[in-house]
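Read off the chains here:
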Amino acid sequence: FEDVKKTIKNKRVITVQKDGTTAFNKENVIIPISGDEKILPKDGERNVLITSALPYVNNVPHLGNIIGSVLSADIYSRYCKNRGYNTLYVCGTDEYGTATETKAIEDGCTPKELCDKYHKIHKQVYDWFQIGFDKFGRTTTEKQTEIAQDIFLKLNENGYLEEQTMKQLYCPEHNGYLADRYVEGECPKCQYEDARGDQCDKCGSLLDPFELVNPRCKLDNATPVPKFSEHIFLRLNELEKEINEWSSSAAEKGQWSKNSRTITNSWLKEGLNPRCITRDLVWGTPVPLEKFKNKVLYVWFDAPIGYCSITANYTDDWEKWWKNPENVQLYQFMGKDNVPFHTVIFPGSQLGTKENWTMLHHLSTTEYLQYENGKFSKSRGVGVFGNNAQDIGVSPSVWRYFLASMRPETSDSQFSWSDFVTRNNSELLANLGNFVNRIMKFVNSKYNSVIPEFSVDDLPNYSSLKSDVDELLATYISEMEKVHLKKGLETAMLISARGNQFLQENKLDNNLFINSPKHTDAVVGIGLNLIYTLASVISPYMPETSDIINNMLNAPALKISKEFNLNLQKNHNINEAQYLFTRIDEKNIEIWRNKFSGQQVK
Ligand code: MET
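Residues numbered from 1 in each chain as written. Predicted model: local features only at pLDDT ≥ 70, side-chain atom pairs only at ≥ 80, totals over all residues. Heavy atoms only, no water.

### Looking at the overall build of the protein chain
Piece 1. Each helix and strand counted, the protein chain has 18 helices and 18 strands in total.
Piece 2. Over its C-alpha atoms, taken along the principal directions, the protein chain stretches across nearly 90 × 55 × 40 Å.
Piece 3. For the protein chain, the proportion of its 602 residues judged to be buried stands at 55%.
Piece 4. If you take every contact in the protein chain between residues at least 6 apart in sequence, the share linking residues at least 24 apart comes to 78%.
Piece 5. Here the protein chain carries 69 positive and 77 negative side-chain charges, and the mean point of each set is 5 Å from the other. (Helix = DSSP H or I, 4+ residues; strand = E, 2+ residues; numbered from the N terminus. Buried < 20%, exposed > 50% of the residue type's maximum accessible area, 1.4 Å probe, protein only. Contact = heavy atoms within 4.5 Å. Lys, Arg positive; Asp, Glu negative; His and termini not counted. Charge placed at Lys NZ, Arg CZ, Asp CG, Glu CD.)

This is the structure in structure tokens:
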């Protein structure tokens, strides 16, 4: 190609490099793998298995559920994939149990119909939020029955199951046994009046429904009566020593988040008792013993096995992920209420089979996201639920940015509309959008969209820019490796802020263009590369925005690197600038606050 430069009327014309793709070093960009290829771990490489808590199928997730599990896991999964780790991210709906059975009765349909309907709703919500599962499955499958029954029978063979006659609460009003969470009453520990039989939402204690003061049936308020029924118990007391040893070493090695350690330790400190793992229900995995054939496995025994069965529905080689602890690291994301099931009971079941399971490595748990100083409530219509986030006309990337920036990592956090608008206007638009737009437009108009020949020697203080950006990239990677997702995002935005500072220092304008052409060439060449780097570090959080930037740059997605490199070189042709974000009028704060305040229910 020719490399001719001339200045015509305040504009520089450069001949375009014909084959733009040759400009990229294959090592530094992402080569997409074919969609049909199954992702499997490879010996000697970094293999990361990621799960997010399997949402109950009978409701629509709210923003707290979304940031608490699926979105956090997705951000981490996208990060790992970008870094070239073999990464599999699985999730799916948790479909069995009383809640589904009861809701189906309420809705006048079969449990299966209910699950089909809500599985679809969940899937649509997560698709809208651009959650990139490798498999979004469900727990009501043959594989689930196969794997859960197999684990159950191995525990039985190894002597970790026992029979006990159990006194259960039975509702004489609607003639049914009451699952723990269908009994409500006063918490014996903190006196909260609306505690559920399985757990108190106020103080977080796990409860036995018989401990509740003044119990009542959740469905009809009748006073339940005790009845006797035979059940199978998992002898956690026999597994206690092994669970203790495993968890204290896993928490250390996998750098579990602080809240998950505290919750686990308080559980283990109380000592473990046998725990009932069967239920008098129809909608569940059948208990594989003749005597118990009319009962099903307890949903919390069954649900974590869903991670394995969903993987098995993705690939027949599922055991390469799940029975390969030497080569696979398991990262699990969830809200804090799910912790003991993942750190005590499920690991206990795994250990009790005496098989070589892949066990939890890193646990990332969130606290609660509050909505405008209160709680999300589906029944009262308060708060934003997954299916109405899209109603306000703001892009998924903005939502994802906002939720990640207030991820409740170490304490509860507050969703507020004024914060939402401020972050869009003064962070996304004024920081990131402004930086990208100013350079892109300048290159479109002054350079005919072609990158000029440039040299770092023509930029005053290049070495300070490079060392600042390198340092921020190193921080970003180290935070992300520790799954500090909020810090990771803050660091990405600092790179953008450094970009704006660089523009200020160099005063990119017509004056510079006319009087210091080489300096200008260096500013735009380096600036575009900074934009390219930014697209890589924001890609886990805002995949769509990152794609738009790469499209504008006419370049393949860039791998996140610990060093700032000049991947875009002279003669590369970029596309027209597009706005990444739009200003949100402050008037919307009040409008949206009202819209989601619960008034619509009236
Ligand atoms: N369904 C549970 C919940 O939504 C999570 C199960 S994770 C195996 O809390």
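There is more to say, and it comes next.
### Section: empty space enclosed by the protein
Piece 1. Following the criterion strictly, the structure yields one cavity of 30 Å³ or more and no others.
Piece 2. The volume enclosed by the largest cavity comes to roughly 60 Å³.
Piece 3. Taken together, Asn28, Leu473, Thr533, Ser536, Leu558, Lys559, Ile560, Ser561, Glu563, Asn565 and Asn567 make up the full set of residues lining the largest cavity.
Piece 4. Its residues assigned to classes, the lining of the largest cavity comprises three nonpolar, six polar and two charged. (1 Å grid on protein atoms, 1.4 Å probe; cavity = no way out; pocket = protein on both sides within 12 Å on 5 of 7 lines; lining within 4 Å. Points joined across faces, edges and corners; volume = space filled by probe spheres on them. Nonpolar A, V, L, I, M, F, W, Y, C, P; charged D, E, K, R; others polar.)

### Structural notes on the sheet that holds strand S7 (residues 176–177)
Piece 1. Ordered by their spatial adjacency, four strands build an open sheet running S7-S6-S11-S12, and the pairing between neighbours is antiparallel. Unpaired on one side and paired on the other, S7 and strand S12 (275–276) mark the two borders of the sheet.
Piece 2. Here strand S11 (residues 225–234) pairs with S12 via two bridges, running antiparallel. Residue Leu234 lies in a different strand from S12, and its bridge partner there is Arg275. (Pairing = 2+ DSSP bridges.)

### Observations concerning the pattern of salt bridges
Should their charged atoms come close, side chains of opposite charge can pair.
Piece 1. Taken as a whole and assessed by the stated rule, the structure comprises 39 salt bridges.
Piece 2. Two residues, Arg138 and Glu95, come together in a salt bridge whose shortest N-O distance is 2.9 Å. Pair noted here: Arg138 is in strand S5 (residues 135–138) and Glu95 is in the loop between strand S4 (86–93) and helix H2 (98–107), with a separation of 43 residues, a long-range link.
Piece 3. A salt bridge links Lys293 to Glu290, with the nearest nitrogen and oxygen atoms 3.1 Å apart.
Piece 4. Judged by relative accessible area, which is 62%, Glu290 ranks as exposed.
Piece 5. One salt-bridge network, held together by shared partners, links Asp150, Lys154, Glu319, Lys323 and Glu355. (Salt bridge = Lys/Arg side-chain N within 4 Å of Asp/Glu carboxyl O.)

### Quick word on the environment of Ser416
Piece 1. With respect to the secondary-structure elements, Ser416 resides in the loop between strand S18 (413–415) and helix H12 (417–446).
Piece 2. According to the relative accessible area criterion, Ser416 is buried, its value standing at 18%.
Piece 3. Remark: the alpha-carbon pair of Ser416 and Asn565, spanning 149 residues in sequence, is separated by 38 Å.
Piece 4. Non-local contacts of Ser416, meaning those with residues more than four positions away in its chain, are made with Glu372 and Phe402.

### Describing the layout of surface pockets
Piece 1. Put simply, the second largest pocket is a space of about 1,200 Å³.
Piece 2. In this structure, the second largest pocket is lined by 38 residues; those nearest its centre are Ile30, Ile31, Pro32, Ile33 and Lys81.
Piece 3. Looking at the lining of the second largest pocket, the elements with two or more residues in it are helix H1 (63–82), S4, helix H16 (517–538) and helix H17 (543–553).
Piece 4. When grouped by side-chain class, the residues that make up the lining of the second largest pocket number 15 nonpolar, 13 polar and 10 charged.
Piece 5. Of the residues that make up the lining of the second largest pocket, three or more belong to each of domain 1 (6–37 + 417–602) and domain 2 (47–158 + 240–272 + 299–366). (Domains from an automatic or database assignment.)

### Regarding the packing of aromatic side chains
Piece 1. Taken as a whole and assessed by the stated rule, the structure comprises 31 aromatic pairs.
Piece 2. Taking 6.0 Å as the distance between ring centres and 40° as the angle between the ring planes, the aromatic pair formed by Tyr76 and Phe333 counts as tilted. With a gap of 257 residues between them, Tyr76 in helix H1 and Phe333 in strand S15 (residues 328–335) connect regions that are remote in the sequence.
Piece 3. Seen from their ring centres, Tyr126 and Phe136 are 5.5 Å apart, and the 70° between their planes marks the pair as edge-to-face. Here the residue Tyr126 occupies a position in helix H3 (residues 111–128), and Phe136 occupies one in strand S5, the gap between them amounting to 10 residues. (Phe/Tyr/Trp six-rings, centres within 6.5 Å; stacked < 30°, edge-to-face > 60°.)

### Brief notes about the site of the ligand
Piece 1. Around the ligand sit Ala53, Leu54, Pro55, Tyr56, Asp94, Trp300, Ala303, Pro304, Tyr307, Asn338 and His342, and those are all the residues in its vicinity.
Piece 2. In the model, a nitrogen atom of the ligand is placed 2.7 Å from a nitrogen or oxygen of the Asp94 side chain.
Piece 3. Asn338 is positioned such that a nitrogen or oxygen atom in its side chain is 3.2 Å from an oxygen atom of the ligand.
Piece 4. Residue classes in the shell around the ligand are distributed as eight nonpolar, two polar and one charged. (Near = heavy atom within 4 Å. Polar contact = N/O pair within 3.5 Å; in protein donor to acceptor, adjacent residues only side chain to side chain.)

### Section: the state of the cysteines
Piece 1. On inspection of all chains with the given rule, the structure shows zero disulfides.
Piece 2. Just so you know, Cys91 is unpaired, no disulfide at all, and the nearest cysteine sulfur is the one on Cys308, 14 Å from it.
Piece 3. Residue class for Cys91 comes out buried when judged on its relative accessible area of 0%.
Piece 4. Free of any disulfide, Cys200 has its nearest neighbouring cysteine sulfur in Cys190, separated by 3.7 Å. (Disulfide = S-S within 2.5 Å.)

### Here's the deal with the pairing of S15
Piece 1. With seven of eight residues buried, S15 lies mostly within the body of the structure.
Piece 2. Examined bridge by bridge, strand S3 (residues 47–52) and S15 share six bridges and lie parallel to one another. By the bridge assignment, Thr51 is partnered in S15 with Gln332.
Piece 3. Here six bridges tie S15 to strand S16 (residues 360–366), and the two strands are oriented parallel to one another. In the strand pairing of S16, Tyr331 is matched with His362.
Piece 4. Taken together, S15, helix H10 (residues 339–353) and S16 form a β-α-β motif whose crossover is right-handed. (Right-handed = clockwise from strand over helix to strand, strands pointing away.)

### Thoughts on the packing of helix H5 (residues 236–253) against H10
Piece 1. For the pair H5 and H10, interaxial distance at closest approach is 9 Å and the crossing angle is 110°. By the angle between their axes, H5 is roughly perpendicular relative to H10. Of the residues in H10, those touching H5 at Leu236, Leu239, Glu242, Ile243, Trp246 and Ser247 are His342, Thr343, Val344, Ile345, Pro347, Gly348, Leu351 and Gly352.
Piece 2. Grouping the amino acids of the contact of H5 with H10 by side-chain chemistry returns eight nonpolar, five polar and one charged. (Axes fitted to C-alpha atoms, helices over the stretch in contact; angles between N-to-C directions. Parallel < 35°, antiparallel > 145°, perpendicular 65-115°, else oblique.)

### Things to note about the nonpolar core
Piece 1. Formed by 169 residues in total, the largest nonpolar core has its most connected members in Phe129, Trp399, Trp417, Phe420, Leu528 and Leu553.
Piece 2. For this core, the element with the highest residue contribution is H16, accounting for 12 residues.
Piece 3. Counting only domains with at least three residues in this core, you end up with domain 1 (6–37 + 417–602) and domain 2 (47–158 + 240–272 + 299–366).
Piece 4. The residues touching Trp417, leaving out its near neighbours within four places in the chain, are Tyr371, Glu372, Val384, Ile392, Trp399, Ile589, Trp592, Arg593 and Phe596.
Piece 5. Listed in part, the 14 residues of the second largest apolar core include Cys171, Val183, Ala195 and Ala222. (Core = buried A, V, L, I, M, F, W, Y, C linked by side-chain atoms within 4.5 Å.)

### Notes on the sheet that holds strand S8 (residues 183–186)
Piece 1. The strand order across the open sheet formed by three strands is S9-S8-S10, and the pairing between neighbours is antiparallel. In this open sheet, the two strands that pair with only one neighbour each are strand S9 (195–196) and strand S10 (213–217).
Piece 2. Here S8 runs beside S10; their pairing, made up of three bridges, is antiparallel. Looking across to S10, one finds that Glu184 is bridged to Arg216.

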